[in-house]
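Listed below are the residues making up each chain.
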Amino acid sequence: MQKLLFSAFFSLLVSSLFAQTAPRGNAKVSGTVVDSITGSAMEFASIALIDQATDKPIDGGMTDEKGRFELEKLPEGTFAIRVNFIGYPTIKTAPFTLSKGQNKKLGNITIAPSATMLKEVTVTSRQELFEEQVDRMVYNAEKDVASRGGDATDVLRKVPMLTVDLDGNVSLRGSQNVRVLINNKPSSIMASSVADALKQIPADMIKSVEVITSPSARYDAEGTGGIINIVTKKTTLEGLTLNIDGGVGNRSSNLGLNGNYRRGKMGFSLGGWGRAFYNPAETDTRQETFSPGLTTLVDQSIDAYDLGAFGRYSLGWDYDIAEGHNMSANARFGGRGMNKDQEQTSLYYENGILTDQIDRMVDNTDANRNMDFNLDYLRTFKPRQEWSISTQYSRNDLVNDFDAEIIGMDGIIDNRTRNDNDNLNQEFTLQTDFQTPIGDMQLFETGAKGILRKVDSDYAYFYGEGPDGALEPDPRLPSGALDYAQQVGATYASYTFSTPSKYNFKVGARYEFTGIQAETTGVGAIDLPDYHNLVPSINISKTYAKGVTVRAGYNRRIQRPGLGQLNPNVNAANAQNISVGNPLLRPELSDNFELGISSNIGKTYINLTTFTRYTNNAITQVRIASDTLEGSIITTWENAGTQTNYGANLFGNFAVTPKITLNGGVDAIYSRIEGQTLNAEGIRVNTENSGFILSGRVWGQWQISDNWNAQAFGMIRNPQVQLQGTQSGFYMYSLGLKRDFKNKKGSLGLSAENFLTKGTVLTNTLESAQFVQTSETQLYNRGIKLTFNYRIGKMGFDQQPRKKTKSVRNDDVKDGEGGGDNGGGGQTPAPATGGGKPATPPAGGGKKN
């Protein structure tokens, strides 16, 4: 497959070199390409200058991020501009004449999704929903009605190729090893848990979601599954405006406030959003562990209640110093506080005879404070030629503690257990990027980057006898600290080439060096080698007649372990399901191939993509039976082996009428995982598991009238394989209705989710030679919410287009809470018992041998 892609690239490149050489002169022509319905700029549209005398192209180029283009050194004559964009019919402007030395400004050139759609004055265009670029698919989320009052997970569930489970864990083509960016920048809120971080981003502020399945060399090499970039709404208008968003529901409530002020060359933005949630859940787990002559069975039931809140606040500033010079700065603050109360009852059987009952009352505290600061400078020399320098400092303080009371069969408190686990994650980044056009059809990009990371984790266990005994350090469980430092240095080069015959090439390579120093209490310094990675990327696309586009891509990606996977703290919140990190983890490496085709067939837009991903040294969760706590299972992380995924994604958009659209898609993935686990004698043996992962989604929208809008959504996923079992399938559905005020300054909405039943049941199974575990969790996720939005203030059009800004984007480090590939055993031992993170199930004490 790799050789075929290289061969295709070079054959196409050679054939394109026979394109006609443009005559030279000193005239210029410029313009901006925009969507005729939405008015949005069309980035990366192909531009060709057609000689009216020969009807052949003599020059051309591509539009920049603002839809602008400029062709220079043109001869005299009569010409027209031909515009082509993926998914849009090709258009040709009216002829115009260029004289010697003339600077011809064409203004806006509008292109429409289709002539039929324009005649029908379509309210919702398919191009508003999906856009394709050579290395990514863009989902425009601004029209989402049902997600209003929700968070980013509600939006991502509707994005093709993405799957978001009921705990908020995101998978791209069956892999949770994805990097999530916000406005092309990393955020410290992603360091501990992507699932929790997404709950801190309000759906109302999301403009679009970019799914970058084949990242170019410009992006960090991290994220074996790909990159998800969440683009938030911004304003380029003059004046002052303030948006108020809120919602009240039976499972959660939220309130947001966002303001913008711009005058002349300077602009400010201020935002704040908070959400409170309250969720009950029940879990029943049955697990058997095996040892010579003895089978231990534990039946455990857990009643849990989650109560917590998220908050996220931001302050932004940008200033156009002079023509071509822009400065911007942002400060973002966030926090999370969650309390999980659990009542656990465990029944112990030995060879079928009940021998003990232990009740645990557990209070788990999960909280964090995070902040990001960045300062950026952008120098624009001319369209598509620019240089930027960016800095960012991030800090994330994490606390994950629990207190447990262990109650025996006589109903008296036998003992108490406490675990304190405090973590600090800091990061400083400096990067510079430069890009310049080469002629009119080529673009060269290069840059360098340095990242300094520091992780500190302090953990301690305490134990006390009876209800009143003093808590003392527990000698049975380790206390100590992890000091972990990482330095990443990178440089890259990327080359983009387009031809008048509608070929687009984007090739590049990135080199990354990673140095690591680690030390733990009791062990001392850990010998972790430095590593070097060269990661190439190739993306090719070709647009044919009638809007048919074919894309092919290859890239190599790496995945560094995250904080949650490295942390050696023993999390025994649930003594039957204990988890512990592994500071000896090494990065995993994957090779990714994809081939796709998209087209407009009548009123239907359709996209089909096939892909293959091979991952070596895969970071995978591995479970073993505890040899000290009877009936307990320990989960840790290892570089267990390899994983191979073969898959296909099919999605489309159909305009039923000018006011009704249907969107949907299916994903089919075959996953094969190979690794090592322990057999009944505690000896490592080769293990493999394989199976299909199937999922589908459908979403419909109805523009009832100018002021009324309705939407319906549903999705389903089947159980998926892990190295040692399967993770539960799930489904969800929702309905939403929105009423806009007559002045269009606000709206009221009502949405309902999973309203036909009391909630969803998740069933997980784990199996090895040492144990068998089955768990069922009842989530009470039936919800209804009333939402409102109102805009205060007035803005007018700015006379000058806003300058784009560049900033830091760190596309690396594996999510510490997620789990490797969905097929790779990258899940937690049991499902979450509420609306928070994926659970490491609950608390303290355990039956001792």
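What you see is a predicted model; the values in this text were computed from it and never measured. Note on numbering: residues in each chain are counted from 1, in written sequence order. In view of the model being predicted, local features appear only for residues whose pLDDT reaches at least 70, and side-chain atom pairs are presented and counted only at 80 or more, with totals across whole chains, interfaces and linings using the full set of residues. Processing note: side-chain calculations cover all non-hydrogen atoms of the structure and skip hydrogens and water entirely.

**Re the pairing of strand β31 (residues 570-574)**
Each residue is placed in one exposure class: buried if its accessible area under a 1.4 Å probe, protein chains only, is under 20% of its type's maximum, exposed if it is over 50%, and partly exposed if it falls in between. Under the DSSP-based scheme used, a helix requires at least four consecutive residues in state H or I and a strand at least two consecutive residues in state E, with every element numbered from the N terminus. Of all five residues making up β31, five are buried, and the element is well covered by its neighbours. Strand pairing is assigned whenever DSSP detects at least two bridges linking the two strands. With three bridges joining them, β31 and strand β32 (residues 577-580) adopt antiparallel strand pairing. By the bridge assignment, asparagine 571 is partnered in β32 with serine 579.

**Examining the nonpolar core**
Counting residues in hydrophobic clusters, the biggest one holds 35 residues, and the most contacted among them are Leu156, Leu198, Ile206, Val209, Val211, Ile228 and Ile230. Contacts between residues were defined by any pair of non-hydrogen atoms, one from each residue, lying within 4.5 Å. What isoleucine 228 contacts, discounting residues up to four positions off in sequence, is Leu156, Leu162, Val170, Val178, Arg179, Val180, Leu181, Val209 and Glu210. Leu71, Phe79, Ile81 and Leu98 belong to the second largest nonpolar core, which has 20 residues in total. What is meant by a nonpolar core is a set of buried Ala, Val, Leu, Ile, Met, Phe, Trp, Tyr and Cys residues, joined one to another through side-chain atoms within 4.5 Å.

**Details of the environment of glutamate 132**
Secondary-structure assignment places glutamate 132 in strand β9 (residues 130-133). Spatially, the C-alpha atoms of glutamate 132 and glutamate 210 are 9.6 Å apart, while their sequence positions differ by 78 residues.

**Observations regarding the sheet that holds strand β1 (residues 27-35)**
Strand order in this open sheet of three strands is β4-β1-β8, and the pairing throughout is mixed. Strands with a single pairing partner mark the edges of an open sheet, and in this sheet they are β4 (68-74) and β8 (103-111). Sheet twist, expressed as the average angle between the axes of neighbouring strands with direction ignored, equals 20 degrees. One ladder, built from seven bridges, connects β1 with β8; its direction is parallel. Note on β8: the bridge partner recorded for serine 30 is lysine 105. Inter-axis angles, ranging from 0 to 180 degrees, are taken between N-to-C directions of lines fitted to C-alpha atoms, where helices are fitted over the stretch in contact.

**A few points about a nonpolar patch on the surface**
In this scheme, patches are assembled from residues that exceed 30% relative accessible area and form no salt bridge. Like charges are connected within 9 Å, while nonpolar side chains (Val, Leu, Ile, Met, Phe, Trp, Tyr) are connected within 5 Å. All accessible-area figures derive from a Shrake-Rupley calculation using a 1.4 Å probe, and residue coverage is judged against the displayed protein chains alone. In the sections that follow, a salt bridge refers to a side-chain nitrogen of Lys or Arg positioned within 4 Å of a carboxyl oxygen of Asp or Glu. Residues Phe381, Trp387, Ile389, Phe428, Leu430 and Leu452 make up a contiguous nonpolar surface patch of roughly 530 Å² in combined accessible area. Listing elements by their share of the nonpolar patch, those giving two or more residues are β22 (385-407) and β23 (413-438). Checked against the element boundaries, leucine 452 lands in strand β24 (residues 442-465).

**Digging into the packing of aromatic side chains**
Two aromatic rings, drawn from Phe, Tyr or Trp (for Trp, its six-membered ring), form a pair once their centres lie within 6.5 Å of each other, and the interplanar angle then sorts them: stacked below 30 degrees, edge-to-face above 60, tilted otherwise. Enumeration according to the criterion identifies 14 aromatic pairs in this entry. Geometrically, the ring pair formed by tyrosine 495 and phenylalanine 497 is stacked, given 6.2 Å between the ring centres and 10 degrees between the ring planes. Note on phenylalanine 497: relative accessible area 9%, which makes it buried. Relative to phenylalanine 505, the ring of phenylalanine 497 has its centre 6.1 Å away and its plane inclined at 20 degrees; by these criteria the two rings are stacked. For phenylalanine 505, a relative accessible area of 2% translates into the label buried. Put simply, the rings of Tyr495, Phe497, Tyr503 and Phe505 touch in pairs and so form one group of aromatic residues. A ring has a charge above it when a Lys NZ or an Arg CZ is no more than 6 Å from the ring centre and no more than 35 degrees off the ring normal. A cation sits over an aromatic face here: arginine 476 above tyrosine 463, 4.4 Å from the ring centre.

**Some details on the pattern of salt bridges**
Here the structure, examined in full by the defined rule, presents 24 salt bridges. Two residues, lysine 92 and aspartate 55, come together in a salt bridge whose shortest N-O distance is 3.0 Å. One end of the pair, lysine 92, is in strand β6 (residues 88-92); the other, aspartate 55, is in the loop between β2 (46-51) and β3 (56-62), and 37 residues separate them in sequence. Overall, the relative accessible area of 43% leaves lysine 92 in the partly exposed class. On the basis of relative accessible area, aspartate 55 is assigned to the exposed category, the value being 52%. Among the ionic pairs, glutamate 512 bridges to arginine 510, the shortest N-O distance being 2.9 Å. Glutamate 512 sits in the buried class, given a relative accessible area of 1%. Beyond isolated ion pairs, a larger network of salt bridges with shared partners links Arg218, Asp433 and Glu445.

**With respect to the side chain of asparagine 679**
Topologically, asparagine 679 is positioned in the loop between β36 (660-678) and β37 (684-702). For the purposes of these results, a polar contact is taken to be a pair of N or O atoms within 3.5 Å, where, inside protein, one atom must be able to donate a hydrogen and its partner to accept one; residues adjacent in sequence count only when each atom of the pair is a side-chain atom. A polar contact is formed between the side chain of asparagine 679 and the backbone nitrogen of isoleucine 683, at a distance of 2.8 Å. Leaving out residues up to four positions away in the same chain, asparagine 679 has contacts with Val685, Ala769 and Gln770.

**Examining a negative patch on the surface**
As used throughout, the charge tally considers Lys and Arg to be positive and Asp and Glu to be negative, leaving His and the chain termini uncounted. Lysine's charge is taken at NZ, arginine's at CZ, aspartate's at CG and glutamate's at CD. Together, Glu282, Asp284, Asp303, Asp341, Glu343, Asp363 and Glu776 make up a region of like negative charge exposed at the surface. Looking at the negative patch, the elements that each hand over two or more residues are β18 (266-291) and β20 (325-350). Looking at where aspartate 303 falls in the secondary structure, it is placed in strand β19 (residues 294-322). The partly exposed category is assigned to aspartate 303, whose relative accessible area is 42%.

**Focus on the confidence of the model for the protein**
Per residue, pLDDT measures the predictor's confidence, with a range of 0 to 100. Averaged over every residue, the pLDDT of the protein is 80; the share at 70 or more is 84%. Confidence drops under pLDDT 50 across residues 114-127; counting only partners more than four residues distant or on other chains, this segment forms 36 contacts. Note on residues 816-849: pLDDT under 50 across the span, and 181 contacts to partners over four residues away in sequence or across chains.

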